[in-house]
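# Descriptive structure summary
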Amino acid sequence: MPSLGRLHLITDTRPGRDPLAVVRAALPVARAELVVQVRVTDDATDREAYDLARRVVVLCARYRATCLVNDRLHVALAVGADGGHVGADDLPVGAARAVLGSAAVLGATARDPDTAGEAVAAGASYLGVGPYRPTSTKDGLPTAIGVAGVRAVAAAVSVPVVAIGGVTAEDVPALRAAGAYGVAVVGALSGAADPARATAELLKALTC
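Note that the coordinates shown come from a computational prediction; the quantities given were computed from them, not determined experimentally.

Conventions we followed
Residues numbered from 1 in each chain as written. Predicted model: local features only at pLDDT ≥ 70, side-chain atom pairs only at ≥ 80, totals over all residues. Heavy atoms only, no water. Helix = DSSP H or I, 4+ residues; strand = E, 2+ residues; numbered from the N terminus. Buried < 20%, exposed > 50% of the residue type's maximum accessible area, 1.4 Å probe, protein only. Patch = residues over 30% accessible without salt bridge, like charges linked within 9 Å, V, L, I, M, F, W, Y side chains within 5 Å. Areas by Shrake-Rupley, 256 points an atom, 1.4 Å probe, with all protein chains shown as cover. Salt bridge = Lys/Arg side-chain N within 4 Å of Asp/Glu carboxyl O. Lys, Arg positive; Asp, Glu negative; His and termini not counted. Charge placed at Lys NZ, Arg CZ, Asp CG, Glu CD. Pairing = 2+ DSSP bridges. Axes fitted to C-alpha atoms, helices over the stretch in contact; angles between N-to-C directions. Right-handed = clockwise from strand over helix to strand, strands pointing away. Contact = heavy atoms within 4.5 Å. Polar contact = N/O pair within 3.5 Å; in protein donor to acceptor, adjacent residues only side chain to side chain. Parallel < 35°, antiparallel > 145°, perpendicular 65-115°, else oblique. Nonpolar A, V, L, I, M, F, W, Y, C, P; charged D, E, K, R; others polar.

Considering the arrangement of structural elements, one finds Glu48 in helix H2 (residues 46–61). Here Glu48 falls in the partly exposed class, since its relative accessible area comes to 46%. With 24 residues separating them along the chain, Glu48 and Arg24 place their C-alpha atoms 19 Å apart.

A grouping of Asp42, Asp43, Glu48 and Asp71 is seen on the molecular surface, where their side chains present a negatively charged patch. Note that Asp42 resides in the loop between strand E2 (34–38) and H2.

Moving on: the sheet that holds E2. One closed barrel holds the eight strands; their spatial order is E1-E2-E3-E4-E5-E6-E7-E8, and the pairing between them is parallel. Taking each pair of neighbouring strands and ignoring which way they run, the sheet shows an average axis angle of 25 degrees. With four bridges joining them, strand E1 (residues 7–10) and E2 adopt parallel strand pairing. Pairing of Ile10 across the sheet is with Gln37, part of E2.

Burial of the side chains of strand E4 (residues 83–86) extends over both faces: Gly83 and His85 are buried on one face and Gly84 and Val86 on the other. As paired strands, strand E3 (residues 66–70) and E4 are joined by three bridges and run parallel to one another. Paired with Val69 across the strands is Gly84, a residue of E4. A crossover connection joins E3 to the parallel E4 through helix H3 (residues 73–79); in handedness this β-α-β unit is right-handed. Pairing of E4 with strand E5 (residues 105–110) involves four bridges; the strand directions are parallel. By the bridge assignment for E5, His85 is matched with Gly107. A crossover links E4 with its parallel partner E5, the connecting element being helix H4 (residues 93–100), and its sense is right-handed.

On the secondary structure map, Leu59 appears in helix H2. When the C-alpha positions of Leu59 and Leu27 are compared, they lie 8.0 Å apart, and in sequence the two are 32 residues distant. Setting aside anything within four residues of it in sequence, one finds Leu59 in contact with Leu20, Val23, Arg24 and Leu27.

The N-capping residue of helix H5 (residues 113–122), defined by a side-chain oxygen 3.1 Å from the backbone nitrogen of Asp114, is Asp112. Positioned one or two residues after H5, Gly123 has a phi angle of 120 degrees, which is positive.

On to the pattern of salt bridges. The tally for this structure, following the rule as stated, stands at seven salt bridges. Close ionic contact of Asp12 with Arg14 constitutes a salt bridge, the shortest N to O distance being 2.8 Å. On the basis of relative accessibility, which here comes to 24%, the residue Arg14 falls in the partly exposed class. We note a salt bridge from Arg47 to Asp51, for which the minimum N-O separation is 3.3 Å. Of the two residues, Arg47 and Asp51 are both situated in helix H2; the distance of four residues between them amounts to about one turn of the helix. Residue classification places Asp51 among the partly exposed positions, given a relative accessible area of 26%. Among the charged side chains, a salt-bridge network with shared partners connects Asp12, Arg14 and Arg17.

A word on the packing of helix H1 (residues 19–30) against H2. Relative orientation of the contacting elements H1 and H2 amounts to 10 degrees, with a least axis distance of 11 Å. When the interaxial angle is binned, H1 and H2 end up roughly parallel. From H1, Pro19, Leu20, Val23, Arg24 and Leu27 reach across to H2, where they touch Leu52, Arg55, Val56, Leu59 and Cys60. Split into classes, the residues belonging to the contact of H1 with H2 amount to eight nonpolar, no polar and two charged.

Spelled out as structure tokens, the structure:
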């Protein structure tokens with residue numbers, strides 16, 4: 001399994017966003033510390049997901065960054081991504097591991113110690129834990145768990161915990177102190193006026 005970067009960039013493909021521009025801005029700054037998770041809206045076709053993921057894989061390879069595909073594991077396999085990420089309504093972790101194989105990076109979403117432990121036992125390489133705070137980038141999210149929730153999960157598992165949900169650079173020190181290995185962001189980069197600078201600020205906070 002490739003070493004896991006601490007900064008996870010989840011692509012934002014909503015109208016008005018340019019996910020490839022954000023990826024291009026972040027990669028030269030974060031390089032191998034960046035994990036790009038290709039996530040598309042639910043109404044996107046597999047072909048659209050494939051076209052975006054294929055381009056992200058090529059970009060990531062130049063910087064030894066990791067590329068994952070959210071939910072659509074067949075797309076991850078088709079483009080030669082490093083792995084995938086599954087949420088609560090996607091394939092079970094064990095089934096996802098069987099699809100991707102033992103060498104792939106497999107992330108799973110968790111929000112409490114019990115589901116976190118089950119995901120790790122089923123083959124998760126790391127856990128996306130949250131939402132840390134309320135966020136508008138994805139519909140139907142459960143109640144935010146805050147720093148205390150992240151701490152509870154991090155204390156219960158041995159794999160990297162990546163906090164997600166409205167995370168900013170200012171939140172990183174508290175999340176790291178709570179046991180988070182890294183953070184996953186959408187709006188903090190896709191909504192930034194200068195994504196490269198925002199990447200540098202997040203990375204500095206993660207590596208201090």
